[in-house]
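Structure at a glance
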Amino acid sequence: MSIAAILLLSAGTFFFATGVIGFLRFPDFYSRMHATGKGDTLGAVLMLAGLALYNLDGGFSLGNLLVSMKLLFIGVFWFLANPTATHAILRAAFDSGLMPWTKDGKPVIEWPPKSQEDT
Amino acid sequence: MAFVVSFIILFVFWMFLSGRFDYFHLSLGIISCAIVAHASHDLLFKDIRAKNRHIEVIRFIKYLPWLFYQIVLANIHVAYLVLHPRTLKLIDPHIIRFKTGLRKDLSLVTFGNSITLTPGTITVLIKEGHYYVHAIDRFVAEGLPGDMEKMVGHIYMED
Amino acid sequence: MESFFLAIGLILGLLILLSLYRGVFGPTLFDRIIGVGFVGSKTLVLLVLMGFMYGRIDMFVDISLAYSILIFIGTLVFAKYFKSKGAM
């Protein structure tokens, strides 16, 4: 069980590290959110699951089970909350008119976005 | 009815968080859960009359393993893009827009979070039935909306 | 296992320093908000690791739970505020 915990912790640290490196390397805000929104979610969930497994290694008492369930609950909450926070901050950036970086320098959709529907 | 259900949920959550079962902590829990349930019983169950709620829960749980597999794929994709020495040559970001057929709030939220967690795309804005999605290159941009919209619509019975 | 936790904690601390770079020198304001939130998600795991190292996991897990909710609410509040203010 502790070998599985070590594997999960290492994988989580690797995804955290790729998230941070992508956060430093990508060219603009919207691309950086690709790294943070995905790497952060999976990294934290994997590390918390590994720690919950390691905690169960000491034996199955009521206190141990409660701590492991709390760790899993933090994981589930983070799994739901982090994409939502990413979406909220992206929406704030989009509404305040931050231009996305593109290769040819012009956006694909019209800018600023029109509010009526023209399908 | 909504008060009783939210009180029971809150009280189970209190016992889960406190982990002590003597009279002092349990009575504190009953008092505070009653106050919170009275103040916010109309937030948790806005449409308590909706039937077939258990089918939605079962379908959502069946949907989760596929979503987790997609998240692992997305992270490997991001790791490949990040660790490649010439990242700026690989990526070609665009914001694309497409129309959606989903109407319920819960299915819109689920679909938006699923887009954020699948490879190469993040949801930027949901406005008047349109999704604005930032895609990291042209290849993933052509794959949207894909069959994920049908899967989410199948969960919440919007077929 | 103790030294493994120590190594993981050191790597997480290094990652926190790296993401503080965006928090301090970020070109736009939203980069700074996300940099601070990114520090928070590392701290969330680091708190649980510290609980295992000190042997008081039953206390540190509650702190970590409260901290995760705090990061989420903080990011939402920042997003809402700067959206209404139009900070660009």
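In what follows, the structure referred to is the one given above.
Residues numbered from 1 in each chain as written. Chains lettered and ligands numbered in written order. Predicted model: local features only at pLDDT ≥ 70, side-chain atom pairs only at ≥ 80, totals over all residues. Heavy atoms only, no water.

**Describing the packing of helix H3 (residues 62–95) of chain A against helix H2 (residues 29–54) of chain C**
Just so we agree on the cut-off: In this analysis an axis means a line fitted to C-alpha atoms, helices contributing only their contacting stretch, and an angle means the value between N-to-C directions, from 0 to 180 degrees. Put simply, DSSP marks the helices as runs of H or I at least four residues long and the strands as runs of E at least two long, and each gets a number from the N terminus on. Just so you know how the angles are binned, under 35 degrees is roughly parallel, over 145 roughly antiparallel, 65 to 115 roughly perpendicular, and the rest oblique. Contacts were defined at the residue level, with two residues in contact if any of their heavy atoms lie within 4.5 Å. When residues are sorted by character, Ala, Val, Leu, Ile, Met, Phe, Trp, Tyr, Cys and Pro go into the nonpolar class, Asp, Glu, Lys and Arg into the charged class, and all the rest, Gly among them, into the polar class.
In contact at an axis separation of 11 Å, H3 of chain A and H2 of chain C are set at 175 degrees when each is read in the N-to-C sense. Considering the angle they form, H3 of chain A stands roughly antiparallel to H2 of chain C. In this structure, H3 of chain A contributes Leu 71, Ile 74, Trp 78, Ile 89, Ala 92 and Ala 93 of chain A to the contact, and H2 of chain C contributes Phe 30, Ile 33, Ile 34, Ser 41, Leu 44 and Val 48 of chain C. For the contact of H3 of chain A with H2 of chain C, the per-class residue count stands at 11 nonpolar, 1 polar and no charged.

**Here's the deal with the packing of aromatic side chains**
Threshold: Aromatic contacts are taken between Phe, Tyr and Trp rings whose centres are within 6.5 Å, Trp giving its six-membered ring; a plane angle under 30 degrees counts as stacked, one over 60 as edge-to-face, and the others as tilted. Between buried and exposed lies partly exposed: a residue is buried under 20% and exposed over 50% of the maximum accessible area for its type, with that area taken using a 1.4 Å probe on protein chains only. Criterion for a charge above a ring: Lys NZ or Arg CZ within 6 Å of the ring centre, and within 35 degrees of the ring normal.
Scanning the entire structure with this criterion turns up 18 aromatic pairs over all chains. Arranged with centres 6.0 Å apart and planes meeting at 75 degrees, the rings of Phe 73 of chain A and Phe 16 of chain B form a pair that is edge-to-face. With Phe 73 of chain A in helix H3 and Phe 16 of chain B in helix H1 (residues 2–18), this pair bridges two chains. Assessed through its relative accessible area of 28%, Phe 73 of chain A is described here as partly exposed. Among the aromatic residues, those joined into a ring-pair cluster are Phe 29 and Tyr 30 of chain A together with Phe 30 of chain C. Looking at Lys 42 of chain C, its charged tip hangs above the ring of Phe 38 of chain C, at a distance of 3.7 Å from the centre.

**Brief notes about the pairing of strand S3 (residues 130–135) of chain B**
All names here are of chain B. Note the cut-off: At least two DSSP bridges between two strands are needed for those strands to be called paired.
Across the 6 residues that make up S3, a large majority, 6, are buried. Across the two faces of S3 the burial is the same, with His 130, Tyr 132 and His 134 and Tyr 131, Val 133 and Ala 135 all buried. Inspection of the sheet shows strand S1 (residues 94–99) paired to S3 by 6 bridges, in the antiparallel sense. Along S3, the bridge assignment pairs Ile 96 with Val 133. Bridge count between strand S2 (residues 121–127) and S3: 6 bridges; the pairing is antiparallel. Each residue of the ladder has a partner; that of Thr 123, found in S3, is Val 133. Counted along the chain from S2 to the antiparallel partner S3, the turn is 2 residues long, and its residue Glu 128 has a positive phi close to 55 degrees.

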